[in-house]
Each structure stands twice: as C-alpha cells, then as structure tokens.
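Notes for the structure review
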Amino acid sequence: MKKIYLLAIVGITVMLASCGHGGQGELVGAYNRKFKNDRIPLGMVYIPPGHTPLGGSDEDITFSQNGPSRMTTISAFFMDQTEISNAEYRQFTNWVRDSIAIVMMGNPQQFMVTPRGNAAAAVGGDKYIDWKKVGPNGVNIWRNKGRGAAAAQASQLDGMYYSGLDALPGKKELDVRKFEYSYAELNMEKAAIGHKDPNSKRQDYIDRYTIAIYPDTMVWKTDYSYSQNDPMVRGYYNHPSYDDYPVVGVSWEQAKAFSHWRTRLYDGVATARRLPVGSRSDYRLPAETEFEYAARGGNTKTKYPWGGPYIRNTKGCLQANFKPGRGDYSSDGGIYTVGVRSYFPNDYGLYNMAGNVSEWTITAYNKGASPLLHDLNPNFTYDAGANDSKYKKRKVVKGGSWKDTGYFLQNAVATYEYQDTQRSYIGFRCVSSYPGTDLRH
C-alpha cells in the first residue's frame, strides 16, 4: 500500500512538471498578455524611426550658432495630426468640472461604476465615474430647474458659481478658477540620480501637482496694447465657430496636465475593455528634436515643413498662417488663428507644424546644453519649481505663430516662453512613444 502511495506521488510530480508553467523544466519565459501593437491612436499619425541631420538648414548669417546641424537618431512615436483644438481641450475642462461637481453633491457613489472581472483586479477595485449617469443621457447634474431630487441636486452646486460681488446681476456663471486638476507622476530625472541610495524612498521621486486648468481667455487683451480684441476674449474658447481652432491661453504646466489626463482617459477605457494595463505609452509633450524631426516630414535639410525654400507655392499662395508683412495679417487667409486642418499637411500628414500657433515642447530652453546632448533621442529637461529662477522656467517653443514673421516658421528655429505663462499665440499637441522598434515591420 505504501508503494502505491509513493508511486502516486511520483506520478503527480511528473505530471505537474510536464503540464505546468515550467515547460518540463525548460526556460520558457513569463510573457505579458499579447495584443496587437499596430493600432494608431485616434487623431494621431505614426512617425517612423530614423536618422537625419537636425538643426540649422540655412546659412547662419548672424553667426549665432543657436542650432548647429548634427546627425541625430529618433525613435518611433505617434504625434497628433493637428494642434489640440478648443473642443478637445474643452473635453478636459468639462471632465474636471463634472468630477468636482460630483464630489460636491455629497453622494458620488450614485454616479460611480466598478469595472468587472479582470479589469477590476487590474485597477485594485477602484471605481470610475459613469458619464452616462452624468450627462444628457442620464441625470443632468447642471439642471437647476425641475422638482424634487433634481432640484435638490442642483442646489448643492451653488458653490461652483460666482457669488456676491463677483457675480454679474442676472447671470449665473461657473467660477472657472475652481477647475483644478490634481495628479502625480514619477520624476525620472530624480529617480535616475538617487534610486540606488539605500536611504531613499520612492515618494522622494514622485512630483505632485494641482493645476488650475481653464485657459486664460484674457490673453487676447493682455498680449496686445490698444487693440480691440474683446470679441476674442468673449468667444474664442466657447463659441461653436471656434471649436476646431487651436486652444490658446494654455501654459506649459496646463498642457502637461492635459497630457496626464489624456493618458488616464485612455487607460480607463482600456481597462474596461480588458486590455493590458499600460498597453499604450503615456501621452506627453514632444521633445524639441521630435518636433523638428516630425516637421521635416522625412525630408533632409528642408527649411520649412512643406520643403521650401520659399513660403509661397508655385501658384504664389502662402503655405502657412503667419504675418506676411508689416500690418498684414490677412493675406494668408487668416487674421488670427485658423482651423487646425488648414493648409496642406506635410509628408507625414501633420498640419500646421509651422504657423497658426507656436507649440510647447517638453524641452527646457538652455542654449549651452546643445553640445552636451546625446545623438540618440537628444533632450534636455528641467521641471522648475515655484521658487526657481525664472530663467530655469523657460521652455522651448517651436513652429512660429499667426502673429510671427516668416523667420520663425523655419524647422530649425526655436524660441522660448516661461512654463507658467499663457499666450494667445501658443498652443500644443501631444505625442506618444511607440512601444517597439518600428510599426512597419
């Protein structure tokens, strides 16, 4: 009887070794869940990897040596086909607005939902807002008319409106100063320096932010003296005519917050669809070199995104929205900004990589950093704190805008703005690193 028992044990052991994850004792690997890695994110285009000279493509007549040409290799990434529009950024501000309102209503659970199955396990059972219960298809949380429960719910949101002397008589307007987005991210620069210190903790490398995210619509007044831009202040961000125009009045810090929210927005849907956690790289602002590489459209030493060397095409038409001459803003077809799909795209399918609005990059502006940069995905970053010198808060801005002269439209030209500053001529677009070598192979 004992022999039979021992034989049974041996039989079970052999069966486990052959049928288990060990692969009969061989190294077979522990693979993450497979999924198709060939889907281009909505509204983005694929920028293939490659090597090319970046920097000055014309004679340096001022001998500034501001952007010396150098051979550079860039990894593959996805890039927004257009600048972020008012409508797209408004999705962000509305999300923040409604999230704050749901918490203020005192019973947020009625608008929450928990993912099921593996999706719930992946996020630790966290609950998410079920927007079908919030918007027009459900209970409209902004309805201040009605009876019973609907009226009671609406009254709980009175604190989100201007009140007292801040309110205009006869108007009930949301206090946009309360639209704040809080998030945290791992600071890779800090972690790279101190992660091997046995006394360090992970929390030492986590940066936490609370950002007021509503665009500064007053930039249309503050950027210009003695100019009648009041209609732009009142209508540019919210009027339906400007839905597909580039959002402006957004600082570098606000653009970063938008990128973080956009990542969370996708991750929430990916979790509900039971895709692997982190199945897509985070959205972020492009590096200066990524922007220039994408602007060239796969061409070498071109002066403008459309090639060049001229700003007009063979028919004499201007190819971007900028300031063609003194006092002339309209000859290119736009007085202020124009729609994000205006003019012809470059060879990568990207619109307005020059003109319309200048665009934020993740790169810190430091003229002395160029000789120190690596020739593989070069980038210099510095996330300045509130107490840092203003010179450390400068971020590279690329592309030129509707109010700039043609010089700033060149692929190699860069300028800067402070990270906490909003302008009527600066917007942004996002990128996302491709998790692999090349989508085409």
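The name an unreviewed UniProt entry gives the chain is Gliding motility lipoprotein GldK, with Pedobacter jeongneungensis as the organism.

Once that is clear, we can look at the side chain of S251. You can see S251 is positioned in the loop between helix 7 (230–235) and helix 8 (252–272). A residue is classified by how much of its surface remains accessible, and S251, at 3% relative accessible area, is buried. Here S251 is in contact with W360, Q419, D420, T421 and Q422, once residues within four sequence places are set aside.

What follows deals with the sheet that holds strand 1 (residues 44–47). Strand order in the open sheet formed by 4 strands is 1-4-14-9, with antiparallel pairing between adjacent strands. The open sheet terminates on both sides in strands that have one partner only, identified here as strand 1 and strand 9 (283–284). This element, helix 9 (residues 288–295), spans strand 1, strand 4 (77–80), strand 9 and strand 14 (431–433) of the sheet and lies at about 75° to strand 4.

Let's shift gears to the confidence of the model for the chain. Averaged over all residues, the pLDDT of the chain equals 85, while 83% of them reach at least 70. At the low end of the mean pLDDT range in the chain sits helix 3 (residues 117–122), at 45; at the high end sits strand 13 (residues 426–427), at 98. A low-confidence stretch, residues 1–20 stays under pLDDT 50, and its non-local contacts, those more than four residues away or across chains, total 5 contacts. Across residues 118–125, where pLDDT falls below 50, the model places 9 contacts with residues more than four positions away in sequence or in other chains.

What follows is about the sheet that holds strand 10 (residues 358–364). Here 4 strands make up an open sheet; going across it, the order is 12-11-10-13 and the pairing mixed. Single-partner strands in this sheet number two, and they are strand 12 (414–418) and strand 13. In the packing of helix 9 onto the sheet, contacts are made with strand 10, strand 11 (394–398) and strand 12, and the angle to strand 11 comes to roughly 0°.

Criteria and thresholds
Residues numbered from 1 in each chain as written. Predicted model: local features only at pLDDT ≥ 70, side-chain atom pairs only at ≥ 80, totals over all residues. Heavy atoms only, no water. Helix = DSSP H or I, 4+ residues; strand = E, 2+ residues; numbered from the N terminus. Buried < 20%, exposed > 50% of the residue type's maximum accessible area, 1.4 Å probe, protein only. Contact = heavy atoms within 4.5 Å. Pairing = 2+ DSSP bridges. Axes fitted to C-alpha atoms, helices over the stretch in contact; angles between N-to-C directions. pLDDT = per-residue confidence, 0-100.

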